[in-house]
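Fold and contact review
The chain contents come next:
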Amino acid sequence: MKQIVSAPTHATVARGSAAGQLPRFRLGEEITAEQAAFLDEHGFLLFDRVASLDEVAMLCAELDQVEAGWLAEGRRAVNGIPIFYGRRGHRPWVQRFAFTSLFSEAMRRFVRDLRFEPIRRLVGDRARVGDDEKDGVVVNRYLNAPGSVSAELGWHTDGLRDLFYLRMPQAMLNVGLHLDDCPAENGGLRLIPGSHRQGFASMCFHKPYFVGHAPDPDEVVIETRPGDLTVHDGRLWHRVARSERRGDASLRRSLYVPYLTGPYEPKSESSRTPAYHHLGRLQRAWRARPRRGASSA
Ligand SMILES: O=C(O)CCC(=O)C(=O)O
Ligand SMILES: [Fe+2]
C-alpha cells in the first residue's frame, strides 16, 4: 500500500484501503499549525464531532420542516437553483436543498456559531456565510433505493465553472457537516489526497467529469460520524460512493456551508438557472422514472 507521509508530527494518510486510519482532528479556537500543514499537503481535514447529536437532530428536523413547506407550495427551485426531488417510497422527497438557511432561522443561527470561527477565518479573515449567494447552504440527502435521484456522485472537482472559462480555479474550501453515521460500507466521500496541487490540464482531463464511479487506487475513504466536519479543497478530485446498504439504512445527509470572500453577489427569485442544471434535471427525471417490478424500499 502506498503511503503519503506528511511532516513528522502528522498522522500518516494511508492511500487505498484507508478506512478508519485517517487522523480525526479536534476543532479548537484556532486551526493548529499541524492542521494547516495537513490541509496544505493533502487538501482536506476531518474534524471529530463538531456538532452534538442534539444539534444534528435539530438540523434534520429543520430540513423536514423546510421540505414540508416546499412541498406544500409546490416549489421547484430557489433563486434559480433547482431543488432535486426524488421519491422515497411513494412520496416526493427532497434530495438536494439549496439556500436552506433562508428557510430556517435555526439553521442560519447555527452556521454562525462561534465554534466555526476558526473555519471561517481559514477561508479568509473577512469571509462570510453566503446565505443568499451561489447555491447558499446546500444539504444533500443520499439514498440507495428505487426512486432516489442521488445515490452516488461521480468523480469531479468543484472548480468546473472556472475551467469552463479556461482559468485555473481559485483555492476554495468546501466545509461539510455530516449528519449520519457513515462507515465505508455506507458509501460517502472518497477523495484523492494531494490532487488539489495538480495543474490545469490534470484538473480538466485526469478523469471525465461526473461519469466515473470506480474506486481509484489512490483514493481515501472519509468515514464520518454524525456531527463530524470536513474541509476539502475544491480542486481535489472527489466523489460520493454508493452505499452497499439498501433503503433507509443507506441514508446519508451532508450540509455544506458556503464561506465566500469575493464581492457580495446576492441571488433572488429572478436569478437565472445555470445551464448545467438543465442537464441535471433531465438526468434526474431519468433516474426517478417509475420502473416495473421495483420495490419502493
Ligand atoms: O456529499 C458530499 O459530501 C459531497 C458532495 C459533493 O462533492 C458535491 O456536491 O460537489
Ligand atoms: Fe464536490
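Scroll up a little and you will see the structure.
In short, a report on the structure. (Residues numbered from 1 in each chain as written. Chains lettered and ligands numbered in written order. Predicted model: local features only at pLDDT ≥ 70, side-chain atom pairs only at ≥ 80, totals over all residues.)

**Section: the overall build of the chain**
The criterion, for reference: Counting from the N terminus, the helices are DSSP H or I runs at least four residues long and the strands are E runs at least two residues long. For every residue pair, C-beta atoms are placed from the backbone, and the pair is scored as a contact if these atoms sit within 7 Å.
Counting secondary structure elements, the chain contains seven helices and 17 strands. Restricting the contact set of the chain to residue pairs at least 6 apart, pairs at least 24 apart contribute 81%.

**Here we look at helix α1 (residues 33-42)**
Applicable threshold: Our exposure labels follow a C-beta count within 10 Å of each residue's own C-beta, placed from the backbone: buried means 20 or more other C-beta atoms, exposed means 12 or fewer, and partly exposed covers the counts in between. Directions from the helix axis toward the C-beta atoms define the arc.
Among the residues of α1, Gln35, Phe38 and His42 are the ones counted as buried. Projected onto a plane normal to the axis of α1, the buried residues spread over an arc of 60° and lie on a single side. Directly beyond the C-terminal end of α1, a positive phi value near 90° is found at Gly43.

**A look at the site of ligand 1**
Rules: In this analysis, residues qualify as near a molecule or strand once their C-beta atom, positioned from backbone atoms, comes within 6 Å of it. In this classification, Asp, Glu, Lys and Arg are treated as charged, Ala, Val, Leu, Ile, Met, Phe, Trp, Tyr, Cys and Pro as nonpolar, and every other residue, Gly included, as polar.
The environment of ligand 1 is formed by Asn140, Leu153, Asp158, Gly176, Leu189, His238, Val240 and Ser254. In the shell around ligand 1, the residues fall into three nonpolar, four polar and one charged.

**Remarks on the sheet that holds strand β16 (residues 252-257)**
Formally: Paired strands, in this sense, are two strands between which DSSP finds at least two bridges. Helix axes use the C-alpha atoms of the stretch in contact, all axes being lines fitted to C-alpha atoms, and the angles between their N-to-C directions lie in the range 0 to 180 degrees.
A sheet is described by the order of its strands in space; here seven strands give the open sequence β3-β14-β11-β16-β9-β7-β6, paired in antiparallel fashion. Strand pairing shows two members of the sheet lacking a second neighbour, β3 (44-47) and β6 (84-88), which therefore form its edges. Looking at each pair of strands side by side, their axes are set apart by 30° on average, direction ignored. Two elements, strand β11 (residues 173-178) and β16, share four bridges in a ladder whose sense is antiparallel. When the bridges of β16 are listed, Val175 appears paired with Val257.

**Looking at the sheet that holds strand β15 (residues 238-241)**
The four strands are arranged β10-β15-β12-β13 in an open sheet whose pairing can be described as antiparallel. Edge strands, defined here as strands with exactly one partner in the open sheet, are β10 (153-156) and β13 (220-221).

**Observations regarding unusual backbone geometry**
Positioned with a positive phi, Asn79 is a non-glycine residue whose angle comes to about 50°. Assignment of secondary structure puts Asn79 in the loop between β4 (77-78) and β5 (81-82). Looking at Asn79, the number of C-beta atoms within 10 Å reads 20, which means it is buried. A positive phi angle, near 65°, is found at Phe210, a position not held by glycine. Relative to the elements of secondary structure, Phe210 occurs in the loop between α6 (200-205) and β13.

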